[in-house]
Amino acid sequence: MDPMDWLEEDELLRFFRRHKTEMSLMENPHTFLNQLRDHDLVPEDHYKEVSRMKSKDNIKKGLYGILDWLEKERSKSIKNFWRCVFREKILNQYPTLRELRNSLMDGSFQFETQEPETVETEETDEGKRKDLSDDEEGEENQASSVKKKMKLRSEKSVCDDEEEQAGPSSRSSPRKKSPKTSPLKKGEKNDIWTWTMFKHQFPVTCGQKGGILNRDRLAKGEECIAVEKQWFTPNEFQTFAGRKSCKNWKWSIRCKDTSLGKLIKEGHLKAGNYRRKCKKAKTSLFPSGDVVTVSEEEEDKDEDEDEDCDQDKEDQISSSSKESSMAVTDEEGEEQPEQQPEASPDSGRKVFKVTCGDLAGTLHKKRFASGTRGKSIRTETSWMSPVEFMKEASCPTDASWRKDIKYEGEPLSVLLEANILSTDSPNCTCRNCKPSVIDLESQEKDDECSICKSEEEELVVCDHCPRSFHQKCHLPHLEDTIFGDGSKWMCTFCVFRTYRESSYRDELEREAVMSRQILQSILQCQYLLLYLSSAEEQRFASNRCLHLQNYSTVIKTPMWLGNIADKLQEQLYKTVGEFVSDVQLIFTNCASYNRDNAEYLAAGNRLKELFDGEMKSVFNISE
């Protein structure tokens, strides 16, 4: 990255002024001078005068004179100066220049409006004026003292120069640097995003690629990342960096190891609406040699737009409750019942378990638009609109989604009447109502990780089911090296489903299953743990000792799903029995610690029943 792309001219000029002396002391500066002349930054007569000098002291003085002239007469060319001396071949010859470039890159240089020497001089002058008003004789004594100090400093400077020339190490090592300081004023918070250098733009990275992000362009939703004079949107920059699969660019593009998502969340950045892309991968999921790969999930709108759509829905609900006497007709020609303002215990719920005949699914409020718009109902295998859900359930052709789709035994119309759900207007242009081809494809995939239920950071999407995963949540983990292939990818859930459908399995005794080598059944164990993790509500995902003070005094051997996942990934289990023993330990600990907590006790028992039933099915264990 070129610091000249994101630093202002006055900052670069101030930096130049502070380091003229360091540059003038560089050994063998002839190549440095040649570079300045080649870029028309030094007049020919100045160049010839200094290049003919033989004495090192004279060369240093002459070089400082050239730099001083450049500062005064060519200040507008300061960016060109730094660009030409920061070429790699020049940096290799002059360690001082490399240190200066590193200082610009890491932000460790100091931006102050006045030099310390200037402040000190002003304070000295003020003291002189005070002494003058008190005693004229004191002024003369002070002036004499200052002259002596100046003489001593001059002699010390000459000695230092002689010592530097005398030592052979001075030719290969740079001068000692002054302590680095951050550009903060007294009382300011130590927050680099408030620095002057980041006012308009700053360097960003994605994978191994770097660029310069323009803050104003980002806020407007325009192409905002410059790489070698070419502009990219955040998603295009991801593609350029080989991270095309990311579900959310805000977590994959970073500045100084901080994600743009965090900067936006904390108010340091503003971002317009962009489309986002998801992931490609190729990896073997189990030892048999079967190869599976990750395919591209095309662009999806930024979650900020989803939040705006949710807010629009809330506004619609509020408006409809105020005008409850007005009937609204959606695109299907069905008149909605009058809106009732009564409060409901489900008003804060975002996901609803629904059924239609024998078919079950979950309706997600965020995706709901109307009967035919918005794929808002998630089944085991796909996302559907309410009407598509009815067709999948083989409902009669004259069925109404409002009446035939049930929530807790009641029709969906109950949620509409209670203002818990609201249909978008026929003229709504959100991505649920007026989706592009890319939007339609993105609606086929989950917005959150199937395991940890979080939307943050990048998500890998399966090409054979709606599931999405974080790289470290999936088993086996997905490493960065597997991305960018373009082939289709199948998650462990789908791999195991395919395996079970295509293989014949004899009934086994439980003891025979427990004694199996783990590598012979790694796919089954990975599937069981993912199944268990996706079914529970994160109660047993992490170490309870970190959250409960007395947990370690009651439970001597803590166990949690994340620990089991790590042991599976690192192949620390030898037999299936060891894996199952750790899973069962979670339920035993839960029962021991939560004897007086009915909610957690019930959750542990429910999860135990799920695991026991699924394990019996997975290994075809006989009664």
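Residues numbered from 1 in each chain as written. Predicted model: local features only at pLDDT ≥ 70, side-chain atom pairs only at ≥ 80, totals over all residues. Heavy atoms only, no water.

Draft legend 1. Fine view of the overall build of the protein. Along the protein, the regular secondary structure elements total 26 helices and 18 strands. Within the protein, buried positions represent 44% of all 623 residues. Of the contacts formed within the protein by residues at least 6 apart in sequence, a portion of 65% connects residues at least 24 apart. Entry remark: accessible area of the protein is about 33,200 Å², with carbon and sulfur atoms responsible for 46%. (Helix = DSSP H or I, 4+ residues; strand = E, 2+ residues; numbered from the N terminus. Buried < 20%, exposed > 50% of the residue type's maximum accessible area, 1.4 Å probe, protein only. Contact = heavy atoms within 4.5 Å. Areas by Shrake-Rupley, 256 points an atom, 1.4 Å probe, with all protein chains shown as cover.)

Draft legend 2. Quick peek at the pattern of salt bridges. Evaluated as defined, the whole model comprises 15 salt bridges. When the shortest N-O distance is used, the salt bridge between Lys 72 and Asp 68 registers 3.1 Å. One end of the pair is Lys 72 and the other is Asp 68, both in helix α5 (residues 56–73) and four residues apart, which spans about a single turn. One salt bridge in this structure joins Lys 375 and Glu 444, with 3.7 Å as the shortest N-O distance. (Salt bridge = Lys/Arg side-chain N within 4 Å of Asp/Glu carboxyl O.)

Draft legend 3. Structural detail: the packing of aromatic side chains. The final tally for this structure, using the stated rule, is 20 aromatic pairs. Site record: aromatic cluster; members linked through ring pairs are Phe 15, Phe 16, Phe 32, Phe 81, Trp 82, Phe 86 and Tyr 94. Sitting over the face of the ring of Trp 231, Arg 217 holds its NZ or CZ atom 3.9 Å from the ring centroid. One residue, Arg 467, lies across the ring of Phe 493, its end atom 4.0 Å from the ring centre. (Phe/Tyr/Trp six-rings, centres within 6.5 Å; stacked < 30°, edge-to-face > 60°. Lys NZ or Arg CZ within 6 Å of the ring centre and 35° of its normal.)

Draft legend 4. The arrangement of the sheet that holds strand β11 (residues 351–356) in detail. Pairing in this open sheet of six strands is antiparallel, and the strands run β14-β13-β12-β11-β15-β16 from one edge to the other. Looking along the sheet, the strands with just one partner apiece sit at the ends: β14 (383–384) and β16 (410–411). With two bridges joining them, strand β15 (residues 406–407) and β16 adopt antiparallel strand pairing. Bridged to Lys 406 within β16 is Pro 411. (Pairing = 2+ DSSP bridges.)

Draft legend 5. Structural context of a negative patch on the surface. Judged by side-chain charge, Asp 506, Glu 507, Glu 509 and Glu 511 come together as a negatively charged surface patch. Note on placement: Glu 511 falls in helix α21 (residues 510–514). (Patch = residues over 30% accessible without salt bridge, like charges linked within 9 Å, V, L, I, M, F, W, Y side chains within 5 Å. Lys, Arg positive; Asp, Glu negative; His and termini not counted. Charge placed at Lys NZ, Arg CZ, Asp CG, Glu CD.)

Draft legend 6. Just the nonpolar core, in detail. Residues Leu 568, Phe 579 and Met 615 are the most contacted members of the largest nonpolar core, which totals 47 residues. Listing elements by their share of this core, those giving two or more residues are α20 (492–502), α21, α22 (522–535), α24 (561–569), α25 (576–593) and α26 (598–619). Of all the elements, α22 adds the most residues to this core, at eight residues. Leu 568 has contacts with Leu 475, Ile 518, Ile 522, Cys 525, Gln 526, Leu 529, Tyr 573 and Phe 579, leaving out every residue within four places of it along the chain. Core analysis: the next-biggest nonpolar cluster, separate from the first, contains 29 residues, Phe 32, Leu 36, Tyr 47 and Leu 97 among them. (Core = buried A, V, L, I, M, F, W, Y, C linked by side-chain atoms within 4.5 Å.)

Draft legend 7. Looking closely at the pairing of strand β1 (residues 201–206). Counted residue by residue, β1 has five buried out of six residues, so it is predominantly covered. Examined bridge by bridge, β1 and strand β2 (residues 209–214) share six bridges and lie antiparallel to one another. Looking across to β2, one finds that Thr 205 is bridged to Gly 210. The turn linking β1 back onto β2 is made up of two residues, and Gly 207 within it adopts a positive phi angle of 65°.

Draft legend 8. Region of interest: the pairing of β11. Across the two faces of β11 the burial differs, with Phe 352, Val 354 and Cys 356 buried and Val 351, Lys 353 and Thr 355 not buried at all. Strand direction decides the pairing type here: β11 and strand β12 (residues 359–364), joined by six bridges, are antiparallel. Looking at β12, one finds that Val 351 is bridged to His 364. Where β11 folds back on β12, the antiparallel hairpin that results is connected by two residues, among which Gly 357 adopts a positive phi of roughly 65°.

Draft legend 9. Representation of the environment of Gly 357 in the model. Relative to the elements of secondary structure, Gly 357 occurs in the loop between β11 and β12. Classification of Gly 357 by relative accessible area gives exposed; the value is 62%.

Draft legend 10. Examining α24 more closely. Regarding α24, the residues found buried are Leu 561, Asn 563, Ile 564, Ala 565 and Leu 568. Tucked into the core, α24 has its buried residues touching α22 and α25. Looking one or two residues past α24, Gln 571 carries a phi angle of roughly 55°, positive in sign.

Draft legend 11. Structural context of the packing of α22 against α25. One way to put it is that α22 packs onto α25 with a least axis distance of 11 Å and a crossing angle of 15°. As far as their axial angle goes, α25 and α22 are roughly parallel. Regarding α22 and α25, the two cross each other, and that crossing is left-handed. When α22 is examined against α25, the residues Cys 525, Leu 528, Leu 529 and Leu 532 are found in contact with a partner set consisting of Val 576, Phe 579, Val 583 and Phe 587. Of the residues assigned to the contact of α22 with α25, the class counts are eight nonpolar, no polar and no charged. (Axes fitted to C-alpha atoms, helices over the stretch in contact; angles between N-to-C directions. Parallel < 35°, antiparallel > 145°, perpendicular 65-115°, else oblique. Left-handed = near helix turned anticlockwise from the far one by under 90°. Nonpolar A, V, L, I, M, F, W, Y, C, P; charged D, E, K, R; others polar.)

Draft legend 12. Representation of the confidence of the model for the protein. Per-residue confidence for the protein averages 75 on the pLDDT scale, and 70% of its residues sit at or above 70. Across the protein, α25 holds the top mean pLDDT of 94, while strand β9 (residues 291–294) sits lowest at 38. Under a pLDDT of 50 for its full length, residues 110–124 has, in the predicted model, 16 contacts with residues more than four places off or in other chains. Here residues 128–140 scores under 50 on pLDDT; set against residues more than four positions off or in separate chains, the count is four contacts. (pLDDT = per-residue confidence, 0-100.)

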